[in-house]
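Structural overview
One letter stands for each residue in the lines below.
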Amino acid sequence: AGEGRLTLLTFAGQVPYAMTKNLRVNGQVTRASTRAPTAGVVVSPDSSLTSGQGGLTYSHAFRRWQFQSSYSGNVGRFHYNGANPSRSIGHSGHVSASFEALRGTEITASARGSWQRTKDGFQLENREWGMGLSASRSVAAGWRIRGTYNFEKTFFDTTNIRFRSSDHGFSVTATHRRVDM
C-alpha cells in the first residue's frame, strides 16, 4: 500500500475597523499552499490559493427590534499542478431582523445570498441563496425553546456539470442558562 505525506501551509491576516458604533469594515488576505513529495497522492505536488476579501457590517438596535446586515466581496488566484492559474471573484450578503412579539416571544427573519465565479484554468460558478425564520420563548425558570425553519437553494455550474439543490431544514432546541440540549 502506498503512503503519501501532504503538507498544508496557510498564512492569513485580518483587519477589522469600527467606523462608527454600528458600522464596521474589514479586510482579510489569505495565502494557502499544499505540498506533496510526489504526484502520486490525491493533490498536486504544487497548488496554492491567494485571496483577498473586504466587507461591511452594519447593526443597529432600535427600541423594539434589531437589524443586522453584511456584505463582502472577494478576489483570488488559484494555481494547480502547473496549469494556467484560475481567477476567482465573488460576493455575499446577509440581512436579519429580530423583534419581540407577543408575550416575550422573539421572532428572527433572515435572508442570505452569495455568488462565486472561477475562470481561466478552471471554469466554475456557484450561486446560493436562502432564508430563515425562527421563534423562541422562555418557558420556565432559565429555560428557552427555539424553533427554526431554513430554506436554501444552490446552483453549481462547471464545464460539463450543472447541479441544483433545494434544502429545507427545521429544528427545535431547548436551552438553559447552564445546559444546551
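Heads up: the structure comes first, above all this text.
Presented here is an overview of the structure given in this document. (Residues numbered from 1 in each chain as written. Predicted model: local features only at pLDDT ≥ 70, side-chain atom pairs only at ≥ 80, totals over all residues. Heavy atoms only, no water.)

Counting its regular elements, the protein contains zero helices and nine strands. When its helices and strands are written in sequence order, the protein yields β-β-β-β-β-β-β-β-β. Projected onto the principal axes, the alpha-carbon positions of the protein cover approximately 65 × 45 × 35 Å. The long-range fraction of contacts in the protein, counting pairs at least 24 apart against all pairs at least 6 apart in sequence, stands at 44%. (Helix = DSSP H or I, 4+ residues; strand = E, 2+ residues; numbered from the N terminus. Contact = heavy atoms within 4.5 Å.)

A word on the environment of Ala135. Within the element layout of this structure, Ala135 appears in strand β7 (residues 124–140). On the basis of relative accessible area, Ala135 is assigned to the partly exposed category, the value being 31%. Between the C-alpha atom of Ala135 and that of Ile145, which follows or precedes it by 10 residues, the distance is 8.3 Å. Contact partners of Ala135, with chain neighbours within four places excluded, come to Thr105, Glu106, Ile107, Ile145, Arg146 and Gly147. (Buried < 20%, exposed > 50% of the residue type's maximum accessible area, 1.4 Å probe, protein only.)

On the secondary structure map, Arg144 appears in strand β8 (residues 143–158). Residue classification places Arg144 among the partly exposed positions, given a relative accessible area of 23%. For Arg144 and Thr105, which are 39 residues apart along the polypeptide, the C-alpha to C-alpha distance reads 9.9 Å. If near-sequence neighbours (up to four positions away) are discounted, Arg144 is found in contact with Gly104, Glu106, Ser136, Arg137, Ser138, Thr173, Ala174 and Thr175. Among the polar contacts made by the side chain of Arg144, one reaches the side chain of Ser136 at a distance of 3.2 Å. A polar atom in the side chain of Arg144 sits 2.7 Å from the side chain of Ser138. (Polar contact = N/O pair within 3.5 Å; in protein donor to acceptor, adjacent residues only side chain to side chain.)

Per the stated rule, a full pass over the model turns up six salt bridges. Salt-bridge contacts for Glu125 lead to Arg127; the nearest nitrogen and oxygen are separated by 3.6 Å. Assessed through its relative accessible area of 27%, Arg127 is described here as partly exposed. By sharing partners, the salt bridges in this structure join Arg117, Glu125, Arg127, Asp157 and Arg162 into a single network. (Salt bridge = Lys/Arg side-chain N within 4 Å of Asp/Glu carboxyl O.)

This part is about the side chain of Thr118. With respect to the secondary-structure elements, Thr118 resides in strand β6 (residues 106–120). Here Thr118 is in contact with Ser86, Arg87, Ser88, Gln123 and Leu124, once residues within four sequence places are set aside.

A word on the sheet that holds strand β9 (residues 162–176). In spatial order, the strands read β1-β2-β3-β4-β5-β6-β7-β8-β9; together these nine strands make up an open sheet with antiparallel pairing. At either end of the open sheet lies a strand with only one pairing partner, and these are β1 (7–18) and β9. Direction aside, neighbouring strands of the sheet carry axes that sit 10 degrees apart on average. Here β8 runs beside β9; their pairing, made up of 15 bridges, is antiparallel. Counted as the bridge partner of Phe155 is Arg164 from β9. (Pairing = 2+ DSSP bridges. Axes fitted to C-alpha atoms, helices over the stretch in contact; angles between N-to-C directions.)

With that settled, the discussion passes to the side chain of Ser88. Assignment of secondary structure puts Ser88 in strand β5 (residues 86–100). Discounting residues that sit within four places of it in the chain, Ser88 has contacts with Asn74, Val75, Gly76, Gln116, Arg117 and Thr118.

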